[in-house]
Protein chains: 2
Amino acid sequence: MSLPAETAQRLRAVLGPRLSETAADRDHHAQSEAFHRSPPPDAVAWPETAEEVSRILGICNEAGVPVIAWGTGTSLEGHALPLSGGLSLDLLRMDRVVEVRAEDMQASVQPGVTREALNTELRATGLFFPVDPGANASLGGMAATRASGTTAVRYGTMRENVIALQVVLADGRIIRTGTRAAKSSAGYDLTGLFVGSEGTLGVITELTLRLQGQPEEVAAAVCAFDSLDHAVECVSATIQSGIPMARIEFVDAASARAFNLHSGSSLPEKPHLMIEFHGSPAAVREDAARFGEIAAEFGAEGFDWATTAEDRARLWRMRHGAYHACLALRPGASGLITDVCVPMSHLPAAVHAAAEDIAAEGLIGPILGHVGDGNFHSLLLVDPANPDEVGAAKRIATRMAERALAVGGTISGEHGIGTGKRGLMGAQHGEGWALMGQIKAALDPRNILNPGKLVPDRN
Amino acid sequence: MSLPAETAQRLRAVLGPRLSETAADRDHHAQSEAFHRSPPPDAVAWPETAEEVSRILGICNEAGVPVIAWGTGTSLEGHALPLSGGLSLDLLRMDRVVEVRAEDMQASVQPGVTREALNTELRATGLFFPVDPGANASLGGMAATRASGTTAVRYGTMRENVIALQVVLADGRIIRTGTRAAKSSAGYDLTGLFVGSEGTLGVITELTLRLQGQPEEVAAAVCAFDSLDHAVECVSATIQSGIPMARIEFVDAASARAFNLHSGSSLPEKPHLMIEFHGSPAAVREDAARFGEIAAEFGAEGFDWATTAEDRARLWRMRHGAYHACLALRPGASGLITDVCVPMSHLPAAVHAAAEDIAAEGLIGPILGHVGDGNFHSLLLVDPANPDEVGAAKRIATRMAERALAVGGTISGEHGIGTGKRGLMGAQHGEGWALMGQIKAALDPRNILNPGKLVPDRN
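Values in this document were obtained by computation on a predicted structure and should not be read as measured data. (Residues numbered from 1 in each chain as written. Chains lettered and ligands numbered in written order. Predicted model: local features only at pLDDT ≥ 70, side-chain atom pairs only at ≥ 80, totals over all residues. Heavy atoms only, no water.)

Engineer: Outline the overall build of chain A, listing residues and values.
Structural biologist: Regarding its fold elements, chain A presents 17 helices and 19 strands. Whereas a compact globule of 459 residues would reach a radius of gyration of roughly 23 Å, chain A reaches 22 Å, a difference of no more than 12%. Viewed in the frame of its principal axes, chain A has a C-alpha envelope of about 70 × 55 × 40 Å. Across the 459 residues in chain A, those meeting the buried criterion constitute 62%. Counting only contacts in chain A whose residues sit at least 6 apart along the sequence, the fraction spanning at least 24 positions is 71%. Carbon and sulfur atoms form 50% of the exposed surface of chain A, whose accessible area is close to 15900 Å². Once the 39 positive and 54 negative side-chain charges of chain A are each reduced to a mean point, those two points are 5 Å apart. (Helix = DSSP H or I, 4+ residues; strand = E, 2+ residues; numbered from the N terminus. Rg over C-alpha atoms; globule rule 2.2 N^0.38 Å. Buried < 20%, exposed > 50% of the residue type's maximum accessible area, 1.4 Å probe, protein only. Contact = heavy atoms within 4.5 Å. Areas by Shrake-Rupley, 256 points an atom, 1.4 Å probe, with all protein chains shown as cover. Lys, Arg positive; Asp, Glu negative; His and termini not counted. Charge placed at Lys NZ, Arg CZ, Asp CG, Glu CD.)

Engineer: Could you give an account of the pairing of strand S16 (residues 334–337) of chain A, naming the residues involved and the relevant values?
Structural biologist: Residue and element names in this part refer to chain A. Burial along S16 is two-sided: the residues Ser334 and Leu336 and Gly335 and Ile337 are all buried. Alignment of S16 against strand S19 (residues 375–382), held across 4 bridges, turns out to be antiparallel. Bridged to Ser334 within S19 is Val382. (Pairing = 2+ DSSP bridges.)

Engineer: Pulling in residues and values, what's your account of the sheet that holds strand S1 (residues 19–20) of chain A?
Structural biologist: All names here are of chain A. The strand order S1-S2-S4-S3 describes an open sheet built from 4 strands, whose pairing is mixed. The sheet terminates laterally at S1 and strand S3 (67–70), the two strands that pair on one side only. Direction of pairing for S3 relative to strand S4 (residues 87–90): parallel, over a ladder of 4 bridges. Counted as the bridge partner of Ile68 is Ser88 from S4. Its contacts with the sheet put helix H3 (residues 50–63) on strand S2 (43–45), S3 and S4, and the angle it makes with S4 is roughly 170°. (Axes fitted to C-alpha atoms, helices over the stretch in contact; angles between N-to-C directions.)

Engineer: Can you explain the relation of the copies chain B and chain A? Please cite residues and give values.
Structural biologist: Between chain B and chain A, which share one sequence, the superposing operator has a rotation angle of 180° and an axial displacement of 0.0 Å; the RMSD is 0.0 Å. The symmetry that links the two subunits is that of a two-fold axis. Both copies present the same face, since 99% of the interface residues in chain B are matched by interface residues at the equivalent positions in chain A. (Least-squares fit on C-alpha atoms with pLDDT ≥ 70 in both.)

Engineer: Can you lay out the UniProt feature "domain: FAD-binding PCMH-type" (unreviewed entry) in chain A for me, pointing to particular residues and giving the numbers?
Structural biologist: On the UniProt side, "domain: FAD-binding PCMH-type" (unreviewed entry) is annotated at positions that read residues 37–214 of chain A here. Across residues 37–214 of chain A one finds 23% helix and 25% strand; the C-alpha atoms that close the span lie 40 Å apart. (UniProt positions renumbered as here; feature names shortened; annotations may be inferred.)

Engineer: A description of the interface of chain B and chain A should follow, citing residues and the corresponding values.
Structural biologist: Chain B puts 74 residues into the contact, and the matching count from chain A is 73 residues. Summing the contributions of chain B and of chain A, the shared interface buries around 5700 Å²; its carbon and sulfur component is 55%. For the pair chain B and chain A, the number of links is 8 salt bridges. The residue Arg159(A) makes a salt bridge to Asp189(B) at a minimum N-O spacing of 2.8 Å. Between chain B and chain A we count 42 residue pairs in polar contact (both at pLDDT 80 or more) in total. Among the elements of the structure, helix H7 (158–161), strand S9 (174–178), helix H8 (190–194), helix H11 (281–297), helix H16 (425–429) and helix H17 (431–443) of chain B are those that each provide at least two residues to the side of chain B that touches chain A. Sorting elements by how many residues they give to the side of chain B that touches chain A places H17(B) first, with 10 residues. Tallied by class, the residues present in the side of chain B that touches chain A amount to 29 nonpolar, 29 polar and 16 charged. (Buried area = accessible area lost by both parts, 1.4 Å probe. Salt bridge = Lys/Arg side-chain N within 4 Å of Asp/Glu carboxyl O. Polar contact = N/O pair within 3.5 Å; in protein donor to acceptor, adjacent residues only side chain to side chain. Nonpolar A, V, L, I, M, F, W, Y, C, P; charged D, E, K, R; others polar.)

Engineer: Report on the packing of helix H14 (residues 347–361) of chain A against helix H15 (residues 387–406) of chain A, specifying residues and quantitative values.
Structural biologist: Helix-helix packing is described using two parameters, namely the angle between the two axes and the distance between the axes. Residue and element names in this part refer to chain A. Following both chains from N to C, one finds H14 and H15 inclined at 160°, their axes separated by 10 Å at the closest point. Judged by the angle between their axes, H14 and H15 are roughly antiparallel. In the crossing of H14 with H15, the sense of the turn from one axis to the other is right-handed. Each of Ala353, Ala354, Asp357, Ile358 and Glu361 in H14 lies in contact with H15, whose residues at this interface are Ala392, Arg395, Ile396, Arg399, Met400 and Arg403. Residues of the contact of H14 with H15, tallied by class, amount to 6 nonpolar, no polar and 5 charged. (Parallel < 35°, antiparallel > 145°, perpendicular 65-115°, else oblique. Left-handed = near helix turned anticlockwise from the far one by under 90°.)

Engineer: Let's hear about the pattern of salt bridges: which residues, and what values?
Structural biologist: All names here are of chain B. Considering all chains together, one arrives at 60 salt bridges over all chains under this definition. With its nearest N and O atoms 2.7 Å apart, the salt bridge here joins Arg101 to Glu99. Overall, Arg101 belongs to the buried group, its relative accessible area being 5%. Where Arg399 meets Glu361, a salt bridge forms, and the shortest distance between an N and an O atom there is 2.8 Å. One end of the pair, Arg399, is in helix H15 (residues 387–406); the other, Glu361, is in helix H14 (residues 347–361), and 38 residues separate them in sequence. A relative accessible area of 28% places Arg399 in the partly exposed class.

Engineer: If you had to explain the pairing of S9(B) to someone new, which residues and values would you point to?
Structural biologist: All names here are of chain B. As judged from the 5 bridges shared by strand S8 (residues 162–168) and S9, these two strands associate in the antiparallel manner. Each bridged residue has a counterpart across the sheet, and for Val168 the counterpart in S9 is Ile174. Here S8 hands over to S9 after 5 residues, with Gly172 in that stretch at a positive phi of 100°.

Engineer: A description of the domain arrangement of chain A should follow, citing residues and the corresponding values.
Structural biologist: Residues and elements named next belong to chain A. Taken domain by domain, chain A consists of domain 1 (5–92), domain 2 (97–213), domain 3 (217–406) and domain 4 (421–459). One C-alpha centre belongs to domain 2, the other to domain 3, and the line joining them spans 27 Å. Interface area lost by domain 2 to domain 3 is led by Thr150, Val153 and Arg154, which between them contribute 59%. Linking domain 2 with domain 3 are 1 salt bridge, by the criterion used here. (Domains from an automatic or database assignment.)

Engineer: Explain the packing of aromatic side chains residue by residue, including any values.
Structural biologist: Residue and element names in this part refer to chain A. Evaluation of the coordinates by the stated rule reveals 10 aromatic pairs over all chains. A ring pair is formed by Phe291 and Phe303, whose centres lie 6.1 Å apart and whose planes are at 75°; its orientation type is edge-to-face. Residue Phe291 is located in helix H11 (residues 281–297), and its partner Phe303 is located in strand S15 (residues 301–306); the two are separated by 12 residues in the primary sequence. Given a relative accessible area of 0%, Phe291 falls into the buried group. The exposure class assigned to Phe303 is partly exposed, which follows from its relative accessible area of 30%. (Phe/Tyr/Trp six-rings, centres within 6.5 Å; stacked < 30°, edge-to-face > 60°.)

Engineer: Please give an account of helix H9 (residues 228–241) of chain A that cites residues and values.
Structural biologist: Residue and element names in this part refer to chain A. With 14 residues, H9 should cover 20 Å at 1.5 Å per step; its first-to-last C-alpha distance of 20 Å lies within 8% of that length. Restricting attention to buried positions, one finds in H9 the residues Leu228, Ala231, Val232, Cys234, Val235, Ser236, Thr238 and Ile239. Where H9 is buried, its residues contact helix H6 (152–155), strand S13 (247–251), strand S14 (272–279), H11 and H14. Where H9 terminates, the next one or two residues include Gly242, which has phi positive at roughly 85°. (Expected span 1.5 Å × (residues − 1).)

Engineer: Outline the sheet that holds strand S2 (residues 43–45) of chain B, supporting the account with residue identities and numerical values.
Structural biologist: Residues and elements named next belong to chain B. One open sheet holds the 4 strands; their spatial order is S1-S2-S4-S3, and the pairing between them is mixed. Each edge of the open sheet is held by one strand with a lone partner, namely strand S1 (19–20) and strand S3 (67–70). Pairing between S2 and strand S4 (residues 87–90): 3 bridges, direction parallel. Bridge assignment links Val44 to a residue of S4, and that residue is Ser88. Sheet contacts for helix H3 (residues 50–63): S2, S3 and S4; angle to S4, the most-contacted strand, approximately 170°.

Have a look at this one:
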């Protein structure tokens, strides 16, 4: 497909050479980290200002041309795939840190700034942006998927850490949501509505983020358990005890093996917890001691403390490399990654049931996750050419989601819906899913913003 | 006015004697803590189940009869006033704590449960619900206004502490939003949309709340400063230092005088901070010591530590009684209460400018607030029969709001919009206010839910 000639001409007047219809540029924007694929978009645009985004949306809205916002392309559910063609709006040139207000612990950034770029910029201030999904994603994309990751147990997700937005609506109107105050009771929480809306309600062109002070002391460790159940039960007990964990990550024996092969570590091939404490020296000592007592009750062994910044960086680099490390367990395989989140008291049973199900289907599927939130993943490794394996992986994923829903959990803790999870939205939200569709129709009546995602099909 | 006869008949079939058209019941639902007033509703209903609320809304939606949800009537901006008649939906009979899930630190409650009733129910669990706006408000009302109060600096507002809702929509559909998991990336944040929507988008019939563990140690104190500026600058410095305050409240010299007259305290007539620390004994000691050092730099004196639970209860009862204590400074006066919230770095200048403005207009207007969030109030005491005084108070309030907006703050930190602040919504949100109107129109096309509040008038 290609853009209507008049639309292409009008867009070119706005963008000049920053509009591309080459096959290479189009194909790049039909890729996805996971195994979701789609036809390429008709064209790719690289706007540099909110005003350009506004003009582009105005043009596309008039013509009924889909617009799909694009960041680093690291989402895992095919969020940014142009399912019905249209224009991919690549926001990576909007990569300016607009302002750092250290005294208010806030930064305003354009959507194409990545979390690592922001943290590099913040280094001299003693502040950092805590949300850490692993991938060096763009902050606009992280807001759009309500990303979280390893530190959410302490600092919250993008929901808690985005306090204001500039958004361009489908018809080109530019609005600002939220304020720079710590809280507000002035009307509907539009910021919260756009965070997690996956590009279906508007295009984020600026974000105001809450920053954190660098903790005075950081301590991280890894420890092994004799069984998956003991490791996960230790997490539940730790969270219920109220110890303020900065990170508490579970990886199973298969993940440990993957790390050893991929990162050169020498972990025992057992389930592990990777933990981190932030605070004053006294608080970190106290928290670590209390955690040690709980872990000992569950038979933890081989505590390995990462005392230097380098050791900690190595530990979390290993954890962040889990996706690729696990993929390498079966060369040539594709990964179907699951992402449920359950209330803490149900976590041990949920992880246990997932592990049994994967074993029963005979797949390789390492389990790991941000268990301090009750959030865990399995990376199901399948030969994409083998329909039996793909079918088995999909069955496992669906059953994990159904078991999560049965105990009041969610089908997605942090990856979002995209194309991969849309079939489960009705099961989770019931009539609430129709309500999401009503909101979408009110804000985007011509359905140009990332059509085919998140909300029900329109009647 | 009265209900259309057929509507009254259909409602009576649902509610029996729990529908009242007596003058006493109607007048009770046209009152407000502040000086907003309205004509009475045409009738009052006391539903007992979500299904009854659903049937009531279905009936009223068909007839185009306004429905105004009512809790304890303690809101300060006239939120629950039936501006154009209709049915007041008194939810106080829906007062059941549905379930406490201590292991997940959650409780599900009906909307008429008050925060004190919930905390009484939780006493044996070691858990508590932290949001504390002063008044013993209903939790449904607190969610609807996105309430916060003294502890928000540590535990967040209703935005952070409501994790799931049951809501009845204008057409009678019953939906559930959110999950029991700690986080979710599955679609639009409908919970966040209803929290703070002031009864204009739906009626909350059940809330799932996040609970907190009772801190091992609690320490509270009050200390005096020689000037308002020093007290408020001490707050900014404390928050910027990262000390995890559980409460940090400012009261000015006039407030201290009001406490002495009303609560029998003997505070020096100076600006004060009232503070509280929660944590382990070691952490509380450390935090208190660090705060003490900062406070000393700003000349704090007369530190009075409330070491027993009774002393602390007395301290916070005094603070919670501030509204009535300050009103008593001028017998017969009405209070116009302001509620701005600004970024922390702007707090000292904002409080200073408000104090100067009040003095210049010649009004009595004690200033106090939840300054750890940048949120402060003035209670402007006026003779309601004196238009000059009322005009002066309104000018002061408007200028406070305008100054807050000029530095990126908000016209309401915690009281909400209701009827009192609606005229300032355009100034704060610009085109975003129109967007709120679009959302309202999509969810409540006949405009029956609390009409005349929060959103712009419909064209």
